[in-house]
Amino acid sequence: MSTPVVGVARVDREALRQAIAEKYAQVATNPEIGFHFHTGRPLAMRLLYPASVIDALPPATIDSFAGTGNPFLFGDLRRGEHVVDVGCGAGLDTLIAAGQVGRSRHRGRHDFRDARKDHRGSCGDGPAQRRCP
Ligand SMILES: C[S@@+](CC[C@H](N)C(=O)[O-])C[C@H]1O[C@@H](n2cnc3c(N)ncnc32)[C@H](O)[C@@H]1O
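Because the structure is predicted, anything quoted here is derived from the model rather than measured.

Asks: Talk me through the overall build of the protein chain; I want residue IDs and the actual numbers.
Replies: When helices and strands are tallied, the protein chain shows five helices and two strands. Beginning at the N terminus, the succession of helices and strands in the protein chain can be written as α-α-α-α-β-α-β. Within the protein chain, residue pairs in contact and separated by at least 24 positions form 53% of the contacts whose partners lie at least 6 positions apart.

In structure tokens:
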């Protein structure tokens, strides 16, 4: 029996970061082009977001959703809790969180991609850290 060989790939971390950021920006601005990963409503259904919750959100937010998990599977937030969503992406989780805690308690969102500022479906069109509506 042979011993498996495990190596460490040589990766240009900065190039990888840039490629990931560009991919997220594409999902934000052109969700209809199609990707090698799941996006949008089908992804939200796979991640077990309730259909009733998803369908209440702006369509463009749903279309540009590219989340990697459903944080609400761990439980809902309580009214009055404070939320800062770092890496808010399309804003799907931001809007769900805002609805749970009460919008006046929602402190803000941030995403490192400038494309998010222009994103049609996100929770705001101003600069990062702006309060959600
Ligand atoms: C998996 S998506 C988040 C999806 C989001 N929860 C939603 O509901 O749409 C991750 C996001 O984090 C952002 N991001 C990654 N690294 C970041 C960083 N260092 N600072 C801010 N945002 C970051 C990416 O641009 C991407 O939009």
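Asks: Please set out helix α5 (residues 92-101) residue by residue, giving values where relevant.
Replies: It helps to recall that an α-helix has 3.6 residues per turn; residues three or four apart then point in one direction. α5 sits mainly inside the fold: seven of its 10 residues count as buried. Among the residues of α5, Leu92, Asp93, Thr94, Leu95, Ile96, Ala97 and Ala98 are the ones counted as buried. Gly102 lies just past α5 and shows a positive phi near 100°.

Asks: So, the confidence of the model for the protein chain: which residues are in play, and what are the values?
Replies: With 77% of its residues at a pLDDT of 70 or more, the protein chain shows a mean pLDDT of 83. Confidence drops under pLDDT 50 across residues 118-133; counting only partners more than four residues distant or on other chains, this segment forms 41 contacts.

Asks: Residue-level account of the nonpolar core, with values.
Replies: Ile62, Phe65, Leu92 and Leu95 are the most contacted members of the largest nonpolar core, which totals 14 residues. Elements that contribute at least two residues to this core include exactly α1 (13-29) and α5. Among the elements that line this core, the one with the most residues is α5, at five residues.

Conventions used here
Residues numbered from 1 in each chain as written. Predicted model: local features only at pLDDT ≥ 70, side-chain atom pairs only at ≥ 80, totals over all residues. Helix = DSSP H or I, 4+ residues; strand = E, 2+ residues; numbered from the N terminus. Contact = placed C-beta atoms within 7 Å. Buried ≥ 20, exposed ≤ 12 C-beta atoms within 10 Å, placed from the backbone. pLDDT = per-residue confidence, 0-100. Core = buried A, V, L, I, M, F, W, Y, C linked by C-beta atoms within 7 Å.

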